[in-house]
Amino acid sequence: MPGSARIHAKHHKRVYKEHFESERITFNIARFQPEVQPAGFFQSFHVHAHSGQTVLDCLEEIKQGQDSTLTFKRNCSNGVCGGCGMKVNGKAWLACTVQALEAARENKGALSLEPLSGRLVVRDLAVNEHSFMNTFFKGVPFLVPRKDEEKRAHRMTPREWKALGKSPTCILCMVCDSNAGALYMEGHLNPAAAVKAYRYQLDARDAGKAERLNALAREGLLGIEWDLNAANSCPRGIFPGQKTRALQRMAHRKGIKKV
Amino acid sequence: MKRHEVLIVGAGLAGQRAALEALRLGAEVAIVSKVMPVRSHSVAAAGGINAALNEKDSWKDHAYDTIYGSDFLADQDAVEVLCREAKRNVLELESLGVVFSRNRDGSIAQRAFGGQRFNRTCYAADRTGHALLHTLYDQLMKFRPVIYAEHYGLELIMEKNACKGLVVYDLASGNIERIYAKAVLLATGGYGRAFSVTSNGHANTGDGLALALHAGLPLEDMEFVQFHPTGIYGKGHLVSEASRGEGAHLLNGKNERFMKRYAMHAMELASRDIVSRAIQTEISNGNGAGPRKDHVFLDLRHLGEKKILERLPEVRRSVLDALGIDVARELVPVIPTAHYSMGGIPTDVRTRVVLNERNTPVKGLYAAGECACLSVHGGNRLGGNSLLETLVFGRMAGKEMASFVKNQTWPAPRAKHENHAQKRVHALLKGRGKCNPYDTRRNIQRLMMRHCGVFRNERGLRALQRRLRACKVESFKWNIGDTSTQFNTALAEALETQNMLDFSFAIVESALARQESRGSHYRTDFPMRNDAIWLKHSLAWLVKGRIEVGYKPVVIRRIKPVERRY
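This is a predicted model, so every value here is computed, not measured.

About the thresholds
- Within each chain, residue numbers correspond to sequence positions counted from 1 in written order.
- Each chain gets a letter, beginning with A, and each ligand a number, beginning with 1, in the order they are written.
- Totals for whole chains, interfaces and linings use all residues, but because this is a predicted model, local features are given only for residues with pLDDT of at least 70 and pairs of side-chain atoms are given and counted only at 80 or more.
- With hydrogens and water set aside, each side-chain value is computed from the structure's full complement of heavy atoms.
- Any two residues whose heavy atoms approach within 4.5 Å at even a single point are treated as in contact.
- Simply put, the buried area is the total loss of 1.4 Å probe accessible area from both parts when two parts are fitted together.
- Any Lys or Arg side-chain nitrogen found within 4 Å of a carboxyl oxygen on Asp or Glu counts as a salt bridge.
- Polar contact is the term for a pair of N or O atoms within 3.5 Å; when the atoms are in protein, one must be able to donate a hydrogen and the other to accept it, and sequence-neighboring residues count only if both atoms are side-chain atoms.
- Numbered from the N terminus, helices here are DSSP runs of H or I no shorter than four residues, and strands are runs of E no shorter than two.
- Side-chain classes follow a simple rule in which Ala, Val, Leu, Ile, Met, Phe, Trp, Tyr, Cys and Pro form the nonpolar group, Asp, Glu, Lys and Arg form the charged group, and the remainder, Gly included, forms the polar group.
- Following DSSP output, two strands are said to pair if at least two bridges run between them.
- A fitted line through C-alpha atoms serves as each axis, taken over the contacting stretch for helices, and the angle formed by two N-to-C directions is quoted from 0 to 180°.
- Think of it in three bands: residues with accessible area under 20% of the maximum for their type are buried, residues over 50% are exposed, and the middle band is partly exposed, with areas taken using a 1.4 Å probe on protein chains only.
- Known as pLDDT, the predictor's per-residue confidence is scaled from 0 to 100.
- Whether a crossing is left-handed or right-handed is set by the direction in which the near helix is turned from the far one by less than a right angle, anticlockwise for left-handed and clockwise for right-handed.
- Here the aromatic set is Phe, Tyr and Trp, taking the six-membered ring for Trp, and pairing holds for ring centres within 6.5 Å; pairs whose planes are under 30 degrees apart are stacked, those over 60 apart are edge-to-face, and all others are tilted.
- Two conditions define a charge located above a ring, namely a distance within 6 Å from the ring centre to NZ of Lys or CZ of Arg, and an angle within 35 degrees of the ring normal.

### Section: the interface of chain B and chain A
And step 1. Facing 77 residues of chain B, the contacting portion of chain A comprises 69 residues.
And step 2. Summing the contributions of chain B and of chain A, the shared interface buries around 6300 Å²; its carbon and sulfur component is 52%.
And step 3. When residues of chain B are sorted by the area they lose upon contact with chain A, R39, H202 and F487 of chain B head the list and together hold 12% of the total.
And step 4. Across the contact surface, chain B and chain A share 9 salt bridges.
And step 5. Between D482 of chain B and R123 of chain A there is a salt bridge, with the nearest N and O atoms lying 3.0 Å from each other.
And step 6. The interface formed by chain B and chain A includes 40 residue pairs in polar contact (both at pLDDT 80 or more).
And step 7. For the side of chain B that touches chain A, the elements supplying multiple residues, two or more each, are α4 (86–96), α5 (128–141), α10 (313–323), α13 (437–451) and α15 (489–513) of chain B.
And step 8. Per element, the largest residue contribution to the side of chain B that touches chain A is 7 residues, and it comes from α5 of chain B.
And step 9. Residue classes in the side of chain B that touches chain A are distributed as 27 nonpolar, 28 polar and 22 charged.

If you want it as structure tokens, here you go:
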């Protein structure tokens with residue numbers, strides 16, 4: 001069949017391993033080995049990467065074949081668990097969704113990998129996520145059920161559903177947090193916490209809106225010191241900076257003052 | 001030394017659901033997880049969750065489909081609980097804030113899924129697991145349970161058939177600690193990573209199964225490993241069954257919809273074992289696609305971009321990330337990929353772990369989710385039933401544990417409890433042999449995929465057994481190359497590989513013993529199902545370094561076994 005033959009030829013180039021382009025790329029990886037050397041340093045590794053191979057795949061290859069002390073976090077390798085956030089060529093992203101060859105070409109055949117900024121580095125590319133996760137505790141980051149829930153019979157109109165947009169798809173990967181570029185202390189509002197609050201603020205089933213806005217104001221919603229525009233870079237396309245602004249507008253409308 | 005009333009191992013859906021229930025009932029709860037809580041692999045579940053919500057549907061039909069799909073190996077009392085409780089659990093999660101996709105009238109939308117005669121799979125686009133897990137996590141944080149994130153379970157603390165806690169390895173500090181508890185729940189998920197082509201995350205290494213096996217407990221029905229028909233070629237990542245539920249077709253190298261030869265009526269929506277076997281058969285008959293003829297295609301082009309963007313956005317994104325292919329315009333190359341373990345730690349219908357054929361429960365030890373075997377999935381699981389299982393039996397485990405711990409005394413702490421775990425870790429850290437643990441791991445994965453995959457036979461399984469033994473010998477000569485006490489992931493992965501090796505023996509021995517083909521277990525040398533001899537669950541114990549296999553009967557209530565056709 002000529003039709004299918006054409007399709008196969010097209011795939012041939014892109015998908016099949018024997019036709020993969022392969023290139024030697026250099027990884028300049030920020031190392032921090034507290035037990036060996038108290039100061040951080042950069043170390044270079046070389047990998048023959050083929051197209052289709054992600055940065056995370058290359059890191060696995062280095063760890064398994066060259067240096068098993070190289071430390072990083074990951075789980076799903078498919079862009080949904082949010083575990084492998086790191087800075088690739090200076091910009092935070094998920095390592096499992098960055099194509100190694102493409103990223104290297106944009107940077108003269110070399111890739112620099114650093115841990116996310118703003119958080120304590122545990123070892124090499126792994127950061128301490130506890131302070132990030134703990135910021136969610138104070139701002140009512142959960143749905144407060146409405147009293148008329150029974151009457152609603154678990155319904156949600158398509159319009160109410162659409163209003164939520166992409167904000168419920170946040171994976172807490174800390175990319176926005178790192179790109180926004182500020183040092184946080186535990187209990188301060190970060191962009192991902194704002195996205196979470198925004199998602200419940202727009203949920204028609206929620207009855208805790210006023211309470212949540214006040215809690216957000218107490219945590220510094222109106223005096224944010226990180227870069228709202230930089231916070232918009234998000235692997236899920238949520239635009240956390242915009243959502244934070246929207247929350248600020250909601251607070252203004254309700255007459256909530258800076259605390 | 002630490003102590004908590006209820007200790008939950010694993011922070012996926014089953015673990016978090018159990019934690020929420022136990023906390024609501026007033027118990028004091030701690031969670032141990034080897035990754036951060038929202039990183040658990042439940043987050044990657046895509047397709048949906050089954051529940052008979054529609055008036056025209058009934059939980060009895062759902063139960064029938066489940067038992068039929070299991071090739072009649074499911075315990076029917078457990079399936080009844082699963083399907084009867086489904087509606088309540090799904091609606092409860094909805095009112096906690098899960099953003100399910102909707103019909104026009106605002107009710108929860110349901111789509112078609114493989115092996116079911118009614119559209120009863122509720123979904124949140126194609127990220128249902130993500131929606132459920134994040135909502136549960138938010139609700140759980142209200143109670144602020146103690147979470148030991150990035151802690152590895154090393155060994156269960158057992159005393160006279162009662163579980164008293166867990167010895168853990170803290171990745172951040174390198175300390176080995178004892179956590180005592182009145183009740184322990186194992187909710188550690190599956191072991192897809194024991195295979196080279198898998199849809200599972202890096203963390204799915206079956207550690208909970210190894211915990212049970214090392215504590216002298218059996219593992220049930222380990223030969224039943226589900227291969228999902230549509231994994232991305234060359235990667236193994238999942239293309240959700242939702243795509244076929246929404247109408248995608250499978251095409252072979254000759255551009256024909258080959259499923260008509262294997263399941264005339266259900267076509268692509270036959271149960272997963274049948275579709276996976278069909279794909280593998282096409283490939284071995286030379287009908288595969290590509291220069292090596294080693295895969296088939298999934299065709300979503302006729303669905304249209306609008307429907308794909310609305311209902312399958314994650315499928316589109318993940319295929320684009322992995323291969324650079326837009327599913328709305330091009331064919332997706334797919335192969336069967338190791339996806340789910342039907343077998344696991346045997347439990348009774350109240351989620352209590354049992355230790356023998358007579359279903360004697362272990363005091364204070366529970367299991368739920370993929371690591372448990374109730375068995376609701378029997379020989380083959382239907383898509384959409386695993387998320388349901390985590391909610392229904394996670395909730396039940398939470399309730400059971402909360403009432404169990406009320407009149408229990410605290411276990412007596414003894415330093416000797418951690419001796420064995422200490423030795424295990426020190427041996428790995430001090431090992432200076434010539435073998436690399438990653439080579440061993442890759443070997444196990446390749447061997448398991450080759451000899452214990454969709455099709456199996458005695459010769460292959462025997463070869464696998466021999467070569468796994470060689471891997472075991474290798475594992476005593478490891479040099480992990482990292483002696484650090486801080487965040488030593490090389491050590492953690494070596495521990496995982498040890499676990500993987502031990503339960504792989506259980507899989508192989510159970511598969512060798514079962515001389516029939518049922519559900520996902522297909523023996524080319526015994527291609528027929530044989531109810532007269534094999535309508536029973538296998539149990540595998542680790543006794544003095546060898547696997548011993550025993551059996552227990554299947555619970556059959558109303559539905560009598562018949563031949564399975566789709």
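Now, onward.
### Describing the sheet that holds strand β3 (residues 85–88) of chain A
All names here are of chain A.
And step 1. Strand order across the open sheet formed by 5 strands is β2-β1-β5-β3-β4, with mixed pairing between neighbours. Both edges of this open sheet fall to β2 (41–50) and β4 (91–94), since each of them pairs with a single strand only. For this sheet the average axis-to-axis angle between neighbouring strands, irrespective of direction, equals 35°.
And step 2. Pairing between β3 and β4: 4 bridges, direction antiparallel. Paired with G85 across the bridge in β4 is L94.
And step 3. Sitting on the sheet, helix α2 (residues 55–65) touches β1 (22–31), β2, β3 and β5 (110–114), and the angle it makes with β2 is about 110°.

### Some details on the pairing of strand β9 (residues 176–186) of chain B
All names here are of chain B.
And step 1. Counting buried positions along β9 gives 11 out of 11 residues, so the element sits mostly inside the fold.
And step 2. Across 7 bridges, the pairing between strand β1 (residues 2–9) and β9 is parallel. By the bridge assignment for β9, H4 is matched with A181.
And step 3. The sheet contact formed by strand β8 (residues 162–170) and β9 spans 5 bridges and is antiparallel. The partner of V168 across the bridge, within β9, is E177.
And step 4. Connecting the antiparallel pair β8 and β9 is a turn made up of 5 residues, with G174 showing a positive phi of about 75°.
And step 5. Across 3 bridges, β9 lies against strand β17 (residues 361–367) in parallel orientation. Counted as the bridge partner of V184 is L365 from β17.

### Here's the deal with unusual backbone geometry
Residues and elements named next belong to chain B.
And step 1. Between L374 and S375 the backbone carries a cis peptide bond, its omega angle lying at 5°.
And step 2. Assignment of secondary structure puts S375 in the loop between β18 (372–373) and α11 (385–404).
And step 3. One non-glycine residue, N161, lies in the positive phi region at around 55°.
And step 4. Within the secondary structure, N161 sits in the loop between β7 (151–159) and β8.
And step 5. Relative accessible area serves as the criterion here: at 47%, N161 is assigned to the partly exposed category.
And step 6. The phi torsion at N359 lies on the positive side, around 60°, for a residue other than glycine.

### Some remarks on the sheet that holds strand β21 (residues 536–543) of chain B
And step 1. One open sheet accounts for 3 strands, arranged β10-β21-β22 (chain B); its pairing is antiparallel. The two strands at the open ends of the sheet, each matched to only one other strand, are β10 (219–220) and β22 (546–553) of chain B.

### As for the confidence of the model for chain A
And step 1. Looking at chain A, pLDDT values average 87 and 89% of them are 70 or higher.
And step 2. Low pLDDT, under 50, characterises residues 1–9 of chain A; the stretch is placed with 10 contacts to residues that sit more than four places away or in other chains.

### Notes on the side chain of N78 of chain A
And step 1. Position of N78 of chain A among the secondary structure elements: in the loop between α2 and β3.
And step 2. With sequence-adjacent residues up to four places away left out, N78 of chain A is seen in contact with C96 of chain A together with H237, R317 and S318 of chain B.

### A look at the packing of helix α1 (residues 13–24) of chain B against α11 of chain B
Residue and element names in this part refer to chain B.
And step 1. Their axes nearest at 7 Å, the elements α1 and α11 cross at an angle of 35°. Viewed along their axes, α1 and α11 form a crossing whose handedness is right-handed. Contacts between α1 and α11 involve L13, A14, R17, A18, E21 and A22 from the former and L387, T390, L391, G394, R395, A397, G398, K399, M401 and A402 from the latter.
And step 2. Looking at the contact of α1 with α11, its residues break down into 9 nonpolar, 3 polar and 4 charged.

### Considering the packing of aromatic side chains
Residues and elements named next belong to chain B.
And step 1. All told, the structure shown has 9 aromatic pairs over all chains when counted by the stated rule.
And step 2. Both rings, one in Y191 and one in F503, keep their centres 5.0 Å apart while their planes meet at 40°; by these two values the pair is tilted. In this pair, Y191 is assigned in the loop between β9 and α6 (207–214) and F503 in helix α15, connecting sequence segments 312 residues apart. Of the two residues, Y191 and F503, both sit in the buried class.
And step 3. With a centroid separation of 6.4 Å and 85° between ring planes, the pair formed by F258 and Y262 is classed as edge-to-face.
And step 4. Judged by its relative accessible area of 0%, F258 is buried.
And step 5. By relative accessible area, Y262 is classed as partly exposed at 29%.
And step 6. Among the aromatic residues, those joined into a cluster by ring pairs are Y64, Y68, F72 and Y566.
And step 7. The aromatic ring of W59 is capped on one face by R84, whose charged end is 5.8 Å from the ring centroid.

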